Every structure is written in structure tokens, then in C-alpha cells.
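# Chains, contacts and geometry: an overview
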Amino acid sequence: MMKRILSVMMAVMLVFSMTACSAKKQTAETDATASASKKNGEAESVSTEMEGSSEQNETAENKTVNLELMPLEEALAELGLEEQPKSVAITSLSASRLAYKLGLPIAAIPDTIAKEIEELSTLPTLGTAHTPNYEQIVAVDADLVLFEAMFKDSANDVITEQNIPAYFVNCNLYDNVLHVVEVLGVAFGKEDVVKEIITDYNTRTAEALAMAEGREAPSVMILFGSTQSYMIGSEYTFLGDLAKKLGAVNITGAMGIDDATAKGGFLPLSEENAIAANPDYILCLGHGSEEMQALFEEKFTKNEAWSGVTAIKEGNIVYLDSSLFGTNGGIHAIDSLSALAEILYQ
């Protein structure tokens, strides 16, 4: 009788042991699934806990293979095409860099990219993003022509009249960049490159966001200047969007600028209101770096009221590199996010 009781007890203990092991395994699998990014095109988070173990690193590597991209039909529909394109002509510097990174079959380029990428220097040129050469665009006869979205209103009539197969590239916000990468990459059959880019973005985005984790959110003022005028950037600018993604607080709210107005992007500067908002950082963005830096510095010294602003007192006036922080984003947007994270949180 005693032997039978012991046998029953051992069987019960074995069942509990197997159940516990199964639960642990299921929990581990659930945690691994949750740590991976869901789809990708929006540079959402890859888990910030991916730094140590080889198991976690393996999860990150597998993400490149497991990404689900949009179907070809969806990409072609967004581009307004019925079949896969074989050539692309480009009118802007930013779109050229993106297309080159993807390895697209580029047929013509804007004047501004030839000096930067020697491999493209022998291609026909199409003017600039501001003043595209439509006669040359038509002559190139590419399957697709990339324009900057900010010039859509001025270009639309000519494009319609000339029946140009145009796509307006909108990289004004951080997450838009990966969407454009996906649309163009899928349309041109560059899915493997798209997955590599998205994986890199997701991983480095998580690293940048980790720098801000647990830190007090700084307030920022984005000052855009030219020799003619100064503007203040809201969170709806590329730089403002980067700052927001990193948890920084744009002073446009403290200045009483409502959301509808803020959507205008760059707004006229009110020095009095900006000074009263007392930003922790002043991020200066201008054309012609050395000349503009001198003009920015003059502005801050000419009006004595600026001397009491936290950013001035603590030496947190940052003159940004225009190659990383333009008024529009592009394929280097992840470099911009990483650089800004270091500025605000290092």
C-alpha cells in the first residue's frame, strides 16, 4: 500500500514539474515575440533590452528576414504606376541620396548631387528642386520622376500638362522616411535593401530613445535663420519631430502657439515670447553655416534680455550641421536622430 502511495505522489510531482517547464518555455517565447518590432516602416521600437545576450542579438538579426513589407501592387498604386518601373529621374538632393542608397536605376539627377556622388556625375541633370528643368525631364523619359513634396503646388500644373509620371517625396517627418524607402524599394524590387535599412533604423532608433529614458525632458527652441529673416520651428518640422521623438518639449506651446498654427512648420519669431519661454536648448539651423552662426550670435548679444535665458547661461546654444539637419529629412534621418540624442542627453 505504501509503495502505491509513493508511486502516485511521484507521478503527481512529475506532472507539476513538466507543467512548470512548459510554462517557463511559453513565457520565454512570449517575451521574445514581444521584444521584436511589429512591422517596421515607422521606426518604432526594437526592445531596448537587446544589448546583452546572444539570444536577444539573434532576435535582432532575424528581424531583417521576418519583416513584412507592403505588396508590390500597393507600392505601385501609391506611385501611380501600373507596372514595375525600370528607371527613375530625380529633381532633389535628398531624394537622390535615398534612391542611391536603395540602389535604384537612376537615369537623371539634380545639379546638386553630381559633386557629392561621383558615380552619378555623368548622368543628365535636371536643374534643382526649386527650379526643375521640365524640358530635360521629359527628354529623359524615365518611368518615374521624384519631386520634393514641398514644391507640389508649383510643379503640379506642368507635370499634369506634360504627363510626367511623378511621385512627390515627403520626408518632412522622421517616420515618413521609412515609408518612402519601403514604397520605392518594393516598387523597384529592392526588398532586401529595404529590410536592411529598416532593421538598422529600428535598432539605432531604440538606442537613441534609450539615451532619453529616465532623463528630465529639456525644452527646446528651434531657430531657423537666413540673412533676411528668422523663424521658429514647431514640432511639425523635421528637426521639431526629431526633438519630440526624443521626449524634448518644444517651446511653441509655452509661447501660446496653437496646434493649428504650429502645423505651419516654421513660424515668425517673436523674441519677447521666446525669451519668456526660457528654453533649455536653442537649436540653430541656418543656410551658410559660418555666416549664419555669426548672425545668430549677434542676435543673442544685441538683445540683452537673451542673457537670462537658461540655454544662454548654460552654453546650450547649438549650431547644427546643415548636412544632417536640413529643413527636410532623408535617408540620413537616423544619423540626425542619433546626433540630436547626444546633444540633448549625453
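Residues numbered from 1 in each chain as written. Predicted model: local features only at pLDDT ≥ 70, side-chain atom pairs only at ≥ 80, totals over all residues. Heavy atoms only, no water.

### Focus: the overall build of the protein
Looking only at helices and strands, one finds 14 helices and ten strands in the protein. A burial count over the protein gives 42% of its 346 residues as buried. (Helix = DSSP H or I, 4+ residues; strand = E, 2+ residues; numbered from the N terminus. Buried < 20%, exposed > 50% of the residue type's maximum accessible area, 1.4 Å probe, protein only.)

### Structural notes on the packing of helix H3 (residues 72-79) against helix H7 (residues 174-187)
At their nearest, the axes of H3 and H7 sit 8 Å apart, and the two run at 110 degrees to each other. Relative to H7, the element H3 lies roughly perpendicular. Residues Leu72, Ala75, Leu76, Glu78 and Leu79 of H3 pack against His179, Val183, Leu184, Val186 and Ala187 of H7. (Axes fitted to C-alpha atoms, helices over the stretch in contact; angles between N-to-C directions. Parallel < 35°, antiparallel > 145°, perpendicular 65-115°, else oblique. Contact = heavy atoms within 4.5 Å.)

### Side note on the confidence of the model for the protein
Mean pLDDT over the protein stands at 83; residues scoring 70 or higher make up 80%. When the criterion is pLDDT under 50, residues 1-65 qualifies, and its contacts beyond four places in sequence or with other chains add up to 52 contacts. (pLDDT = per-residue confidence, 0-100.)

### Notes on unusual backbone geometry
Notably, Asn163 is not glycine yet its phi reads approximately 55 degrees, a positive angle. Note that Asn163 resides in the loop between helix H6 (152-162) and strand S4 (166-169). Backbone geometry places Asn278, a non-glycine residue, at a positive phi of 50 degrees. By the secondary structure assignment, Asn278 is in the loop between helix H11 (271-277) and strand S9 (281-286).

### Points about the side chain of Asn250
Mapped onto the elements, Asn250 comes out in strand S7 (residues 249-250). What makes Asn250 buried here is its relative accessible area of 12%. For Asn250, the side chain forms a polar contact with the main-chain oxygen of Gly233, separated by 3.1 Å. At a separation of 3.0 Å, a polar atom in the side chain of Asn250 contacts the main-chain amide nitrogen of Thr252. Those residues within four positions of Asn250 in sequence are excluded, and the remaining contacts are Val220, Ile222, Gly233, Ser234 and Glu235. (Polar contact = N/O pair within 3.5 Å; in protein donor to acceptor, adjacent residues only side chain to side chain.)

### Considering the pairing of strand S5 (residues 219-225)
Counting buried positions along S5 yields seven of seven residues, so the element is predominantly enclosed. Of the two faces of S5, the one lined by Ser219, Met221, Leu223 and Gly225 and the one lined by Val220, Ile222 and Phe224 are each fully buried. As paired strands, S5 and S7 are joined by two bridges and run parallel to one another. When the sheet's bridge partners are listed, Ser219 is paired in S7 with Val249. One ladder, built from six bridges, connects S5 with S9; its direction is parallel. The partner of Leu223 across the bridge, within S9, is Cys284. (Pairing = 2+ DSSP bridges.)

### Digging into the pattern of salt bridges
Tallying each qualifying case throughout the model produces eight salt bridges. Notably, a salt bridge pairs Asp200 with Arg204, separated by 3.7 Å at the nearest N-O pair. Of this pair, Asp200 and Arg204 are both found in helix H8 (residues 191-212), four residues apart, which corresponds to roughly one turn of the helix. Here Asp200 falls in the partly exposed class, since its relative accessible area comes to 35%. Between Lys244 and Glu235 there is a salt bridge whose closest N-O contact spans 3.0 Å. Its relative accessible area of 25% is what places Glu235 among the partly exposed residues. Within the structure, one salt-bridge network assembled from shared partners comprises Asp200, Arg204 and Asp335. (Salt bridge = Lys/Arg side-chain N within 4 Å of Asp/Glu carboxyl O.)

### Focus on the environment of Thr203
Note that Thr203 resides in helix H8. Residue classification places Thr203 among the partly exposed positions, given a relative accessible area of 28%. Taking the C-alpha atoms as reference, Thr203 lies 10.0 Å from Ile334; in sequence the two are 131 residues apart. Within the local environment of Thr203, its side chain forms a polar contact with the backbone oxygen of Thr199, the two atoms lying 3.0 Å apart.

### Regarding the packing of aromatic side chains
With the rule as written, the count across this model stands at seven aromatic pairs. Relative to Phe296, the ring of Tyr230 lies with its centre 5.7 Å away and its plane at 55 degrees, an arrangement referred to as tilted. Remark: Phe296 occurs in helix H12 (residues 289-302) and Tyr230 occurs in strand S6 (residues 230-233); sequence separation between them is 66 residues. For the pair Phe300 and Trp306, a centre-to-centre distance of 5.2 Å together with 75 degrees between the ring planes defines the contact as edge-to-face. Residue Phe300 shares its accessibility class with Trp306, and that shared class is buried. Grouped by ring-pair contacts, the aromatic residues Tyr134, Phe147 and Phe168 constitute a single cluster. Between the NZ or CZ atom of Lys299 and the centre of the ring of Tyr230, over which it lies, the distance is 4.5 Å. (Phe/Tyr/Trp six-rings, centres within 6.5 Å; stacked < 30°, edge-to-face > 60°. Lys NZ or Arg CZ within 6 Å of the ring centre and 35° of its normal.)

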